[in-house]
Amino acid sequence: MVVYRSHTNDIKRFASAKRFASWLRLVPNNKQSGGRIISSKTPKGKNAIALSLRQAANSIGNQKEHPLTPFFKRIAYRKGRNAAITATARRLALILWNMITKSQDYLQPNSQLLYDRRKLAQVNNIKSRLFRLNLSEDEMMEIFQKTSFPST
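A.B. asks: Would you mind showing me how to read the packing of helix 3 (residues 69–79) against helix 4 (residues 81–102) here?
C.D. replies: Contact geometry for helix 3 and helix 4: axes closest at 7 Å, N-to-C directions at 145 degrees. Here helix 3 runs over helix 4; the crossing is right-handed. Together, Phe71, Phe72, Ile75, Ala76 and Lys79 of helix 3 and Arg81, Ala83, Ala84, Ile85, Ala87, Thr88 and Arg91 of helix 4 make up the contact between the two elements. When grouped by side-chain class, the residues that make up the contact of helix 3 with helix 4 number eight nonpolar, one polar and three charged.

Now the structure itself:
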């Protein structure tokens, strides 16, 4: 039996991971007019790969210890569970494309490093917001005394 490899089903035909995710219909279809986004809904599709990735993403959302769980929860808090499933499925598609086309194993990111980066970004955000308020030294001390933990 001869098995022909169809060019239409080859993942390497996509020039980038973004194009692969777009083919799976896991990215928003931004409709713009005059530089302003009118609609950014993710188009519907019945691609079996996309459906499998969405199911895997939903499973990740139910797990406690998975490298993508913090990403899922962050998106779910901001935009809802359905958007988080789509976003996580897109991220899984990008990981798959990179693993297959580059023939390399998945390298799990250091979760502590990601946590530290996110914390630093939040601290910098708070600093810039406080700076924009243009508070006096007395007002700053009053805020910190009310919000700081009591020393024991």
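That covers the picture; the talk isn't over yet.
A.B. asks: Mind showing me how you'd approach the side chain of Thr69 here?
C.D. replies: Residue position: Thr69 is located in helix 3. Side-chain polar atoms of Thr69 contact the backbone oxygen of Ile60, separated by 3.4 Å. In this structure, Thr69 is in contact with Ile60, Gln63 and Lys64, ignoring residues within four places of it in sequence.

A.B. asks: Just checking my understanding: could you explain helix 4 for this structure?
C.D. replies: Over its 22 residues, helix 4 runs 31 Å from end to end, which matches the ideal 32 Å to within 8%, given 1.5 Å per residue. All buried positions along helix 4 are accounted for by Ala84, Ile85, Thr86, Thr88, Ala89, Leu92, Ala93, Leu94 and Trp97. Residues of helix 4 that are buried make contact with helix 1 (17–23), helix 2 (48–62) and helix 3. In the segment just after helix 4, Ser103 is the residue with positive phi, at about 50 degrees.

A.B. asks: How should helix 2 be read in this particular structure?
C.D. replies: Since the α-helix turns once every 3.6 residues, residues separated by three or four places project in the same direction. Along its 15 residues, helix 2 runs 21 Å from first to last C-alpha, staying within 8% of the 21 Å computed at 1.5 Å per residue. Within the sequence span of helix 2, burial applies to Ala50, Leu53, Ala57, Ile60 and Gly61. Here the buried residues of helix 2 occupy an arc of 100 degrees about the axis, which is enough to place them on one side. Exposed positions of helix 2 whose direction lies more than 90 degrees from the buried face are Ala48, Gln55 and Asn62. Contacts from the buried residues of helix 2 go to helix 3 and helix 4.

Rules of the game
- Residues numbered from 1 in each chain as written.
- Predicted model: local features only at pLDDT ≥ 70, side-chain atom pairs only at ≥ 80, totals over all residues.
- Heavy atoms only, no water.
- Axes fitted to C-alpha atoms, helices over the stretch in contact; angles between N-to-C directions.
- Helix = DSSP H or I, 4+ residues; strand = E, 2+ residues; numbered from the N terminus.
- Left-handed = near helix turned anticlockwise from the far one by under 90°.
- Contact = heavy atoms within 4.5 Å.
- Nonpolar A, V, L, I, M, F, W, Y, C, P; charged D, E, K, R; others polar.
- Polar contact = N/O pair within 3.5 Å; in protein donor to acceptor, adjacent residues only side chain to side chain.
- Expected span 1.5 Å × (residues − 1).
- Buried < 20%, exposed > 50% of the residue type's maximum accessible area, 1.4 Å probe, protein only.
- Arc of directions from axis to C-beta.

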